[in-house]
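# Topology and contacts: notes
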Amino acid sequence: MIAKIYRNIVPIGIRASIADWKKKKENRKVLKKIKGGGYPYQTECEYMLKKGAIYTMPYPWIEKYRNDNVKVYFDFKRKMPYCQIDNESKKIYFPRRWNKKYIQRYYNSIICEQDPKSPHYYFDKEDVWFDKNTVFVDVGAAEGFISLQIIDKVKRVILLECDVNWIRPLKATFEKWQDKVTIVSKCAGEMNDGNTCRVDTFIDDETEKIAVKMDVEGTEMSVIKGCRKLRDIDQVRAYICLYHNDKDEEKIAPFLKNMGFTTTTSDTYMFYKFTGEKEYSFRHGVLKCEKNKI
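The residue numbering used here restarts from 1 in each chain and proceeds along that chain's sequence as written. The predicted origin of the model limits local features to residues at a pLDDT of at least 70 and limits the giving and counting of side-chain atom pairs to 80 or more, whereas totals for whole chains, interfaces and linings rest on all residues. Excluded from the side-chain calculations are hydrogens and water; all other atoms, namely the structure's heavy atoms, are used.

### Some remarks on unusual backbone geometry
A positive phi angle, close to 60 degrees, is found at K79, a residue other than glycine. Secondary structure elements follow DSSP: runs of H or I no shorter than four residues count as helices, runs of E no shorter than two count as strands, and numbering proceeds from the N terminus. Structurally, the position occupied by K79 is in the loop between β1 (73-75) and β2 (80-84). One non-glycine residue with positive phi stands out, namely E217, at about 55 degrees. Here E217 shows up in the loop between β9 (209-214) and α7 (220-225).

Okay, structure coming up:
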């Protein structure tokens, strides 16, 4: 209850600044541990020591991504801020209470995550595997950036997002494609109830080809268990975040292999500690899974 009141009263930009201040104090301790040889992956550790800071993706290529390079616009008709993607006609909208500085920071982080060198990179938006037969299920859609990359190529998109603050922006972002987009304000999981739904709900007998992306703050295994119908579809891809829990890769990869998938990860790492965890660790960002029977 207190946390909810805090989120409603304190603007998101101020909350971010407070979080940054707390993180700086913690980061000094982590840097000391890195310097003392407390972590593997020498190249990544040397980069953080050189910069005197902790990075989720500790690689030099991140330096080309700068918050102040992000241009933020305002749609006075919808009363919402937005950014344009790759100077195209596509717009990605944000909650109306977000200020320019926070949007720049947020948008810069998501485009950085999708750099081809990033351990959080899902797929090349030009990948010919995505076509007019493909149903794309975006689990933990947030702002919808990933789905927007391939919206023109696929048959249908289902956006699952339980944060109600994203629903209005998502409707604005995908208004042009509303005939092929379904926005569901629920969390994905193992069962169907008032607040949760299984991915299987959106897989019908006519589904020939499907891709599922999961970024659900540590409940990825629960979502996977609600995807039983994926076993019966010949052409399937899944892109599953692994970094929210330190041991997720050990659990998720074997489970997907038993479902008939081949799995791969990036050759780079995220340096991460999720809420409630005590220690940072190096971990793969995304598990990429594929099953083709034809």
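### Quick word on helix α3 (residues 42-51)
Classification of residues uses two cut-offs on accessible area relative to the type maximum, computed with a 1.4 Å probe and protein chains only: under 20% is buried, over 50% is exposed, and between them is partly exposed. Buried residues of α3: E44, C45, Y47 and M48, and no others. Buried residues in α3, looked at end-on, bunch into an arc of 160 degrees, giving them a common side. Structural note: α3 exposes Q42, T43 and K50 on the side pointing more than 90 degrees away from its buried face. Once α3 finishes, G52 follows within two positions and takes phi at roughly 65 degrees, a positive value. Directions drawn from the helix axis to the C-beta atoms are what define this arc.

### Some details on the pairing of strand β6 (residues 181-184)
What makes two strands pair is DSSP finding at least two bridges between them. Of the strand pairs in this sheet, strand β5 (residues 156-160) and β6 are connected by four bridges, and their pairing is parallel. Each bridged residue has a counterpart across the sheet, and for L159 the counterpart in β6 is I183. On the question of chirality, the crossover connecting β5 to the parallel β6 by way of helix α6 (residues 167-173) is right-handed. For crossovers, right-handed means that the path from the first strand over the helix to the second runs clockwise, given strands pointing away from the viewer.

### Thoughts on the sheet that holds strand β10 (residues 235-241)
If you trace the seven strands from one edge of the open sheet to the other, you get β6-β5-β4-β9-β10-β14-β11, paired in mixed fashion. Bordering the open sheet on either side are β6 and β11 (262-264), each of which pairs with just one other strand. Between one strand axis and the next, the sheet turns by 15 degrees as a mean value, whatever way the strands run. In this structure, strand β4 (residues 134-139) lies alongside β9, joined through six bridges in parallel fashion. Bridge pairing links D138 to K213 in β9. Think of each axis as a best-fit line through the C-alpha atoms, taken over the contacting stretch in the case of a helix, with angles from 0 to 180 degrees between the N-to-C directions.

### Observations concerning the environment of A188
The residue A188 is located in strand β7 (residues 187-188) in this model. A relative accessible area of 11% places A188 in the buried class. On a C-alpha basis, the gap between A188 and I110 in space is 22 Å, while along the polypeptide they are 78 residues apart. Contact definition: two residues touch when any of their heavy atoms are within 4.5 Å. Those residues in contact with A188 that lie beyond four places of it in its chain are V139, L160, T196, C197, V199 and V223.

### Considerations on the packing of aromatic side chains
Two aromatic rings, drawn from Phe, Tyr or Trp (for Trp, its six-membered ring), form a pair once their centres lie within 6.5 Å of each other, and the interplanar angle then sorts them: stacked below 30 degrees, edge-to-face above 60, tilted otherwise. All chains considered together, the criterion is met by 29 aromatic pairs. Relative to Y272, the ring of Y243 has its centre 4.8 Å away and its plane inclined at 85 degrees; by these criteria the two rings are edge-to-face. In this pair, Y243 sits in the loop between β10 and α8 (248-258) while Y272 sits in strand β12 (residues 270-272), placing the two residues 29 residues apart along the sequence. There is no split in this pair, since Y243 and Y272 are both buried. Think of it as a cone above the ring: NZ of Lys or CZ of Arg counts as a charge over the ring if it is within 6 Å of the ring centre and within 35 degrees of the ring normal. Over the aromatic face of F130 sits the side chain of R237, whose NZ or CZ is 6.0 Å from the ring centroid.

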